[in-house]
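# Structural description and commentary
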There are 2 protein chains.
Amino acid sequence: MLNLLGEYHCKADAKGRVLFPARLKKQLENILHHGLVVNRDIFTQCLVIYPKPEWDKVNEEMSRLSRYNQKHQLFQRKFMKGATMIDLDAAGRMSIPSVLLEYIQINSKENDLVITGLGEKMEIWNSGAYQNQVLGDDMDFSDLAEEVRKDLDGKM
Amino acid sequence: MLNLLGEYHCKADAKGRVLFPARLKKQLENILHHGLVVNRDIFTQCLVIYPKPEWDKVNEEMSRLSRYNQKHQLFQRKFMKGATMIDLDAAGRMSIPSVLLEYIQINSKENDLVITGLGEKMEIWNSGAYQNQVLGDDMDFSDLAEEVRKDLDGKM
DNA sequence: AATTAATCACTTTTTACCACTTTTTACCAC
DNA sequence: GTGGTAAAAAGTGGTAAAAAGTGATTAATT
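The paragraphs below set out a description of the structure included in this document. Only a predicted model underlies this, so the values are computations on that prediction, with no experimental measurement involved. (Residues numbered from 1 in each chain as written. Chains lettered and ligands numbered in written order. Predicted model: local features only at pLDDT ≥ 70, side-chain atom pairs only at ≥ 80, totals over all residues. Heavy atoms only, no water.)

### What about the side chain of A:Glu7?
- The topology assignment puts A:Glu7 in strand β1 (residues 7-11).
- At a separation of 3.3 Å, a polar atom in the side chain of A:Glu7 contacts the side chain of A:His9.
- For A:Glu7, the side chain forms a polar contact with the side chain of B:Arg40, separated by 2.8 Å.
- Setting aside chain neighbours within four positions, we find A:Glu7 in contact with A:Val114, A:Ile115, A:Thr116, A:Tyr130, B:Arg40, B:Lys81, B:Gly82, B:Thr84 and B:Val99. (Helix = DSSP H or I, 4+ residues; strand = E, 2+ residues; numbered from the N terminus. Polar contact = N/O pair within 3.5 Å; in protein donor to acceptor, adjacent residues only side chain to side chain. Contact = heavy atoms within 4.5 Å.)

### Regarding the protein's contact with DNA strand C
- As a matter of local geometry, DNA strand C sits amid 17 residues, with A:Lys11, A:Ala22, A:Lys26, B:Leu19 and B:Ala22 nearest to it.
- If you look at DNA strand C and keep only atoms within 4 Å of the protein, 77% of those are sugar or phosphate atoms.
- At 3.1 Å, a backbone N or O of A:Ala22 approaches a phosphate oxygen of DNA strand C.
- Those elements that place two or more of their residues in the surface near DNA strand C are β1 and α1 (22-27) of chain A together with β1 (7-11), β2 (17-19) and α1 (22-27) of chain B.
- Here the element with the most residues in the surface near DNA strand C is β1(A); it accounts for three residues.
- Classifying every residue of the surface near DNA strand C gives eight nonpolar, one polar and eight charged. (Near = heavy atom within 4 Å. Nonpolar A, V, L, I, M, F, W, Y, C, P; charged D, E, K, R; others polar.)

### Quick look at the packing of aromatic side chains
- According to the stated counting rule, one finds 11 aromatic pairs over all chains in the structure shown.
- Judged by centre distance (5.9 Å) and plane angle (70°), the rings of A:Phe141 and B:Phe43 are edge-to-face. Taken together, the residues span two chains, with A:Phe141 in helix α6 (residues 141-154) and B:Phe43 in the loop between β3 (36-40) and β4 (47-51).
- Residue A:Phe141 is classed as buried on the basis of its relative accessible area, which comes to 4%.
- Arranged with centres 6.5 Å apart and planes meeting at 15°, the rings of B:Trp55 and B:Phe79 form a pair that is stacked. Of the two residues, B:Trp55 is situated in helix α2 (residues 52-62) and B:Phe79 in helix α3 (residues 70-80); the sequence distance between them amounts to 24 residues.
- The ring of A:Tyr103 has A:Arg40 sitting right over it, with the charged end atom 5.5 Å from the ring centre. (Phe/Tyr/Trp six-rings, centres within 6.5 Å; stacked < 30°, edge-to-face > 60°. Buried < 20%, exposed > 50% of the residue type's maximum accessible area, 1.4 Å probe, protein only. Lys NZ or Arg CZ within 6 Å of the ring centre and 35° of its normal.)

### Some points on the interface of chain B and chain A
- Tallying the contact residues gives 32 residues for chain B and 41 residues for chain A.
- With both chains or domains summed, chain B and chain A bury close to 3300 Å², and 58% of this area falls on carbon and sulfur atoms.
- For the pair chain B and chain A, the interface holds seven salt bridges.
- Salt-bridge contacts for B:Lys71 lead to A:Glu147; the nearest nitrogen and oxygen are separated by 2.4 Å.
- The interface formed by chain B and chain A holds 10 residue pairs in polar contact (both at pLDDT 80 or more) in total.
- Mapped onto the side of chain B that touches chain A, the elements with two or more residues apiece are β3, α2, α3 and β5 (84-86) of chain B.
- Counting residues per element, the side of chain B that touches chain A draws most heavily on α3(B), which supplies 11 residues.
- Along the lines of polarity and charge, the residues of the side of chain B that touches chain A split into 13 nonpolar, 10 polar and nine charged. (Buried area = accessible area lost by both parts, 1.4 Å probe. Salt bridge = Lys/Arg side-chain N within 4 Å of Asp/Glu carboxyl O.)

Nothing here speaks to function; it is geometry throughout.
Here it is in structure tokens:
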């Protein structure tokens, strides 16, 4: 089972290309050649990268939605809008669409970013935002954990 | 059941590598070859090391979280951010990612650290911080103990 | 003797550029 | 409106130098 790990600090070049971290490459060696899918995260100002096989699962879930149900369509649109298939070039770089980079406030001046492995997916963050949001205060983490634990106990 | 013990003082070399204490190695002899996972502690400025099998349990729980639930995602991110798989090299050293060493204020000048065994996991501390926090004031320990005792009686 | 620390040489990865190609945009003539 | 062209922008590919990571050996300490 896929268990992507690690936190990698890297940079976008002037053209919005990001060298895919070598360590992540190793963790994905069997499936990286299938490509990756990048998209905006629904809840947070970061991007999500799925290895193609993972994205296929997501897509499969989406395909079960009803074409004739407005809410389903809205949900699908929110979740999938902007999703883009990307491959690594010969030098191991991924070319991330500029609209997605803009979403996380990355440009030719602000070009430090963080890629993190999170099990079956990865996330791309603006370096500054990562410091604030993710490494920020964890006063309420116990409460959060408790709520999540209830969900897990409840079902799933 | 795993019961790691002891307090070990060691040093990071110029490249951020730490020789894994021989005594801990002995305590882990059957499972060390599966590797280790290091991460930031959520509440305190120290690192946590899980033997891989322990981490797998954590990961299994994480995989039950919902991709479409904001709190679940937040929880996963807070908990897994930065977690990194490490193996010991031929000399028995673990190469700890520099971002994690920075978190506990370890660098080429400040390179003294303490590794402690805590049952099923270990912790890595900046030596100075360890003196202060762990050996520091214990005025309120009785209160703490009392609160924890209530939690334990209550459930768990 | 075994464990830990320090050092050096070497390899891989990452960054920062440069040169070139393709695509898009803007403008003008027909 | 259609077609053409030039300029601008965006996208690709490649490489040298810097930085980071790795392996191996020697020295010091317990």
